[in-house]
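# Observations on the three-dimensional arrangement
Residues per chain, in single letters:
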Amino acid sequence: MYSNSVLRRKLKIFLPVMCLCIFSALLFGSCKNRDNKSGNKAVNTEKAVSTEKPVSNEKPANTERPENDEEKLLLNTDVLNESSASEENNNYEITKVRRGDFKYEMFAIGNIEYRDLYYAAMETEEAEIVEYKVEKGDKVNKGDVILEYKPVYDEGEYKQRVSYIEQQEKEYAAGYDTRRAEIIKAEHDIKNIKDKTEKEIKQLEIKKLKLALKKYQENAQNLDEQKKSLAEYREGLKKTKVVAPHSGYIMEIAEMENENIIRKGNVVAVISPKKDYYIKVNDTTHGLLRYNSDVTISVESGGGNIRMPGKVVMSSNILSYENTTENAYVEIVDEPEGVDWKGAIKVYFDSKEVKDVLLLDAKAVLFENKNEGSKAVSVPYVYIYKDNKTFKRYIQIFGSNNKEYLVLSGLTEGQEVAIYK
């Protein structure tokens, strides 16, 4: 038991400490409640910010807008803004989205290629041109004179060639006689040889001599060619004309590097039968030009375009993979009169046909460029017509046949669209 004085001293120490603990506990609890309230407010504020919709001056969309920027551009049911057209500005006409069959037309660049060509070439060694007797486009018969010329005769060169051939003949004859004599002597010597091994060696020697002689005789062929060339040169001196090797039309007249001199082998004219040609097409579509399909040939002629029917007579889709070519050939079915085949040639063909789809006049579709450089894209859009006003709308389309686009999405059948003039 404590005395009263001791108890009083202990209480004086204990009571202040206890009060301090109670005060601290109350203060801690109050701070915790404030922090919880403050934290809840922060969470609620963040939540409010994340769900708040930004204010926009644009008209509300009739569908929910996507988050992706590119998807926004391709959104095709969203009225974005009114155009400048109004009741006071009616510089447009109205067309409707219709349903029908779509043919996707492409074209390839072509050029004339003749099936049979005949070449009138120079046969005289060298000559001076006297006169061309034909012009490009002229009709000729086999044997008609195309060019008159005067042979160039160099007497010194001719005598030199004759002398060279004669010397070569003498040297060849001497070499032949020497080699033949060696064989005869070896065949005579072998008759007197008794030793079997020595005789076999001699037989091998004779075999080698005969092979060497056979090889040497090839020089005679070279001499024969030289004598033939000299004879042709001598015969060429008697000729003064180049004639047509075949009946037909003069397609080309050769342009010589030297205006006055032509030499053996020079082609002076190209001849082909008039109707015996077709259109060669560089088919970069890798087989979309199908064999036996009908096409339209367009030629720039006389300041305009002349169109005619054609048919594909050769294409890659009838060849094996190993023989695949980028060229197709088109036959002219009915050629009009007066076609100038010097003009640009295009071959139009249908590469795809789709039944029962939405179609829109090609003149109603406009394009907007997005981004720059390698990321640049061309986005199609139209102006839909409603309540005497037009509204810009992005759509999705496929191809063009120069008249219509196939509408993939963004428009409905019967919808009115403006075509600005």
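Just above sits the structure.
Okay, so let's go over this structure.

Here we come to the packing of helix α3 (residues 155-190) against helix α4 (residues 196-216). Closest axis-to-axis distance for the α3/α4 pair is 10 Å, and the angle between their directions is 165 degrees. Looking at the two axes, α3 sits roughly antiparallel to α4. Here the hand of the crossing between α3 and α4 comes out left-handed. Listed contacts from α4 to Glu171, Tyr172, Gly175, Tyr176, Arg179, Arg180, Glu182, Ile183, Ala186, Glu187, Asp189 and Ile190 of α3 are Lys199, Lys202, Gln203, Ile206, Leu209, Lys210, Leu213 and Tyr216.

Before going further, it helps to examine α3. Taking 1.5 Å of rise per residue, 36 residues should cover 52 Å, and α3 covers 53 Å from first to last C-alpha, within 8% of that figure. Turning to α3, its buried residues number three or more, namely Tyr158, Ile165, Tyr172, Gly175, Ile183, Ala186 and Ile190.

Let us look at the environment of glutamate 148. With respect to the helices, strands and loops of the structure, glutamate 148 is situated in strand β6 (residues 145-151). With a relative accessible area of 23%, glutamate 148 lands in the partly exposed category. Between the C-alpha atom of glutamate 148 and that of valine 243, which follows or precedes it by 95 residues, the distance is 8.9 Å. Beyond its immediate chain neighbours, meaning those up to four positions away, glutamate 148 contacts Ile129, Val130, Glu131, Lys133, Thr240 and Lys241.

This paragraph deals with the pattern of salt bridges. Two side chains carrying opposite charge are able to pair once their charged atoms lie near each other. Across all of its chains, the model carries 17 salt bridges by this definition. We note a salt bridge from glutamate 404 to arginine 98, for which the minimum N-O separation is 2.8 Å. Of this pair, glutamate 404 sits in strand β20 (residues 404-409) while arginine 98 sits in strand β2 (residues 98-114); the two residues are 306 residues apart in sequence, bridging distant segments of the chain. Taking relative accessible area as the criterion, glutamate 404 reaches 16% and is therefore assigned buried. Note on arginine 98: relative accessible area 38%, which makes it partly exposed.

Turning our attention to unusual backbone geometry. You will see that aspartate 387, though not glycine, has its phi angle at about 55 degrees, which is positive. Tracing the backbone shows aspartate 387 in the loop between β17 (377-386) and β18 (389-394). Despite not being glycine, asparagine 388 has its phi angle at roughly 65 degrees, a positive value. Looking at where asparagine 388 falls in the secondary structure, it is placed in the loop between β17 and β18. Classification of asparagine 388 by relative accessible area gives partly exposed; the value is 39%.

Rules behind the numbers
Residues numbered from 1 in each chain as written. Predicted model: local features only at pLDDT ≥ 70, side-chain atom pairs only at ≥ 80, totals over all residues. Heavy atoms only, no water. Axes fitted to C-alpha atoms, helices over the stretch in contact; angles between N-to-C directions. Helix = DSSP H or I, 4+ residues; strand = E, 2+ residues; numbered from the N terminus. Parallel < 35°, antiparallel > 145°, perpendicular 65-115°, else oblique. Left-handed = near helix turned anticlockwise from the far one by under 90°. Contact = heavy atoms within 4.5 Å. Expected span 1.5 Å × (residues − 1). Buried < 20%, exposed > 50% of the residue type's maximum accessible area, 1.4 Å probe, protein only. Salt bridge = Lys/Arg side-chain N within 4 Å of Asp/Glu carboxyl O.

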